[in-house]
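Coordinate inspection notes
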Amino acid sequence: MAYQAKVVEAEIVSENKQNGFFEIVAVLSDRNRCRLTFERNPETGEPKATHINRLYTVPCGICKKDFLCYCLNRYMDVIAEQALEITGAAKVS
């Protein structure tokens, strides 16, 4: 069975309007939490995900490790899109 990342909650936790960086903490349907780091394109204002880190509250939903893994990197774009939609940060501010 293939892993399907589904964001159920997302919240902007920090934002730097001067340089366009911001962070979102997202909660996935498998209870994993992750932090996404974004930067905004200076010309268009479009956000782009640059990093994703799993917060170690429960074992990874993909590999079941309880420590450092990089499994969520493969799903960064999908998770970022859903998190931006939930928070409304995709709109140019």
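Residues numbered from 1 in each chain as written. Predicted model: local features only at pLDDT ≥ 70, side-chain atom pairs only at ≥ 80, totals over all residues. Heavy atoms only, no water.

1. A short note on the overall build of the chain
If you tally the helices and strands in the chain, you get one helix and four strands. The order of α-helices and β-strands along the chain, N terminus first, is β-β-β-β-α. Taken against the 2.2 N^0.38 rule, which gives 12 Å for 93 residues, the C-alpha radius of gyration of the chain at 13 Å falls within 12% of a compact globule. Burial status across the chain gives 37% buried among its 93 residues. Counting only contacts in the chain whose residues sit at least 6 apart along the sequence, the fraction spanning at least 24 positions is 39%. Accessible surface, the chain as shown: approximately 6200 Å² in total, 51% of it carbon and sulfur. Taking the average place of the 12 positive charges on the side chains of the chain and the average place of its 12 negative ones, the gap between the two points comes to 7 Å. (Helix = DSSP H or I, 4+ residues; strand = E, 2+ residues; numbered from the N terminus. Rg over C-alpha atoms; globule rule 2.2 N^0.38 Å. Buried < 20%, exposed > 50% of the residue type's maximum accessible area, 1.4 Å probe, protein only. Contact = heavy atoms within 4.5 Å. Areas by Shrake-Rupley, 256 points an atom, 1.4 Å probe, with all protein chains shown as cover. Lys, Arg positive; Asp, Glu negative; His and termini not counted. Charge placed at Lys NZ, Arg CZ, Asp CG, Glu CD.)

2. Considering the sheet that holds strand E2 (residues 21-28)
One open sheet accounts for four strands, arranged E1-E2-E3-E4; its pairing is antiparallel. The sheet is open, and its two borders are formed by strand E1 (7-16) and strand E4 (47-55), each paired with just one other strand. When strand polarity is set aside, the average angle formed by the axes of neighbouring strands in this sheet is 25°. With eight bridges connecting them, strand E3 (residues 33-40) and E4 associate as antiparallel partners. Each bridged residue has a counterpart across the sheet, and for Thr 37 the counterpart in E4 is His 51. (Pairing = 2+ DSSP bridges. Axes fitted to C-alpha atoms, helices over the stretch in contact; angles between N-to-C directions.)

3. Points about the packing of aromatic side chains
Tallied over the full model, the rule gives two aromatic pairs. Geometrically, the ring pair formed by Tyr 3 and Tyr 75 is edge-to-face, given 5.1 Å between the ring centres and 65° between the ring planes. A residue pair is termed long-range when its members are at least 10 positions apart, and Tyr 3 in the segment before E1 and Tyr 75 in the loop between E4 and helix H1 (76-87) qualify at 72 residues. Comparing Tyr 3 with Tyr 75 shows no difference in burial state: the two are buried. Aromatic side chains Phe 22 and Phe 38 sit 4.9 Å apart centroid to centroid with 5° between the ring planes, which places their arrangement in the stacked category. Of this pair, Phe 22 sits in strand E2 while Phe 38 is found in strand E3, placing the two residues 16 residues apart along the sequence. Residues Phe 22 and Phe 38 agree in their burial class; the two are buried. (Phe/Tyr/Trp six-rings, centres within 6.5 Å; stacked < 30°, edge-to-face > 60°.)

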